[in-house]
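# A closer look at the structure
Here is what each chain is made of, one letter per residue.
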Amino acid sequence: MNFLGVNFDRRMLLLLGALAATIVAIIGIHIIRNQRIADVLAIVDITGSMNTRDMGNPRGSLNRLEAARQALIDMMQDLPCQSRLGLGIFSERISYLLLDPVEICRNYDALEGAVSGLDWRMAWQGDSFIAKGLYSGIDIAASLKSDLIFLTDGHEAPPLPFTGVPEFDGKPGAVKGLIVGVGGNEKTPIPKYDDEGRQVGVYSEKDIPQDNRIGAAPNDAETREGYNPRNAPFGAMPATGDEQLSSVKTAHLQDLASRTGLAYVELQNVSAIAPKLLSSTEPRIVPVNTDMAYVPALFALLSMLALYALQLFESLPARRSQRRASPLVNSTLKGAFVHAH
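Residues numbered from 1 in each chain as written. Predicted model: local features only at pLDDT ≥ 70, side-chain atom pairs only at ≥ 80, totals over all residues. Heavy atoms only, no water.

## Regarding the sheet that holds strand β5 (residues 84-91)
- The six strands lie next to each other as β6-β5-β4-β7-β8-β13, forming an open sheet whose pairing is mixed. Lying at the two open borders of the sheet, with one neighbouring strand each, are β6 (94-103) and β13 (263-266). For this sheet, the mean inter-axis angle between neighbouring strands, taken without regard to orientation, is 20°.
- With seven bridges joining them, strand β4 (residues 39-45) and β5 adopt parallel strand pairing. Across the sheet, the residue bridging to D45 is F90, located in β5.
- Contacts between helix α2 (residues 64-78) and the sheet are confined to β4, β5 and β7 (147-152), with β4 contributing the most and set at about 165° to the helix.
- Taken strand by strand, helix α3 (residues 108-116) contacts β5 and β6, and its axis lies near 160° from that of β6. (Pairing = 2+ DSSP bridges. Helix = DSSP H or I, 4+ residues; strand = E, 2+ residues; numbered from the N terminus. Axes fitted to C-alpha atoms, helices over the stretch in contact; angles between N-to-C directions. Contact = heavy atoms within 4.5 Å.)

## A closer look at the packing of helix α4 (residues 130-144) against helix α5 (residues 250-260)
- Viewed as axis vectors pointing N to C, α4 and α5 meet at an angle of 35°, and their least axial separation amounts to 11 Å. The way α4 lies across α5 gives a crossing that is right-handed. On the side of α4, the interface is formed by I130, A131, L134, Y135 and I138, while α5 contributes H252, L253, L256, R259 and T260.
- Residues belonging to the contact of α4 with α5 are distributed by class as follows: seven nonpolar, two polar and one charged. (Left-handed = near helix turned anticlockwise from the far one by under 90°. Nonpolar A, V, L, I, M, F, W, Y, C, P; charged D, E, K, R; others polar.)

## With respect to the pairing of strand β8 (residues 177-181)
- Among the five residues that make up β8, five are buried, leaving the element largely enclosed by the rest of the structure.
- One ladder, built from five bridges, connects β7 with β8; its direction is parallel. Paired with I149 across the strands is L178, a residue of β8.
- Sheet analysis places β8 next to β13, joined by four bridges and oriented parallel. Across the sheet, I179 pairs through a bridge with Y264, a residue of β13. (Buried < 20%, exposed > 50% of the residue type's maximum accessible area, 1.4 Å probe, protein only.)

This is the structure:
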C-alpha cells in the first residue's frame, strides 16, 4: 500500500504500530475500578501455651506464635493495596493495641517488622483468660471501626470456672471477622523457660492449675474429700488433670465464635487466611486508579518481535537460493581455471 509515496508494507505497519503503542505507554492509561479491601485489627495471643511446638511442615518445626506471625505476614501479601492492618497482643485477660490500622503497601516494612517482633516475653502476666481477651479485642476493633482477626490456641489458664464461659455483653455480629485457632489437635507439652529465656524443660502437672477455684463451687463439691462450705468449698484435695498439655481448643473457640458473631477457622487446615477473612466480613469497596500502561507496552514489544520474526522468515528463501547456487559457481570457476592452464 502506497500513501504519499511511502510504501506501507507489513514491516512498516508493525514498526508504526510499535511506535504508536510506545507513545501511548509513555503518556499512560489509567482506569478507575472498584476494589474490595480489608480494614482489620489483628490480635495475637502471646501467652505461654503459644510456645508449644506443634505447627509447621514438618509438624513441630514451628511453635504456635511463629506460625501465627507467619500467617499474618502471608495475609499482608495476599490483601490488595489500600487495605489497612492494625496490630495488638493478648495476655492475661485483656487485649492491648500496639498499632492503629495503617495502609499495608505503604507501610509494609514497618508492619512486617512489628509482626515479626511479637514475642512471648511481651506478656505482662501468665494467666490466659481467652474469652475475656477476645471480648476486649472486639471492643478495641469496634472503637476503630475495623474488623477483627484473633489468633489464639484457645487454652484457658487457669481453666474456665465451673460456671462456664463468661457472658458476652456486646451485640453478636456488630464486629465482623475471624477467630483463628492456632495449634495441633494432639496434646503436646508446653515448653518452660527460665528468667533468661532459655528452655529448661516442659511444664509438669504441679506447675499448672488443673481447675479454677474462683466463684461458685461445682455441683458435686459436697462429695469431695475435705469439703467444707466455708473453708474448703472445692474440697481439700488438689486437683489433677492434664492442663500442662496443650492443643487447639476447637470446641471452645467455636463456642466463642457463635457467641460473638465471628467466623472460626483453624490455621492448620487452611493455606491462607486472607480469603477466609474477606468472606467473613462486610465488603469494603474503594475506587482504585489503576495504571494500564503495561498493555500498550506489551503490544509494542510483541510488534517488534513480530517484525524481527518476519524479517527472519523472509530472509530464509534467499539463503537457500544462495546455498544452491554455490556449487554451480564453484564448478564454473574451477573449469575456467583449468581452461586457462
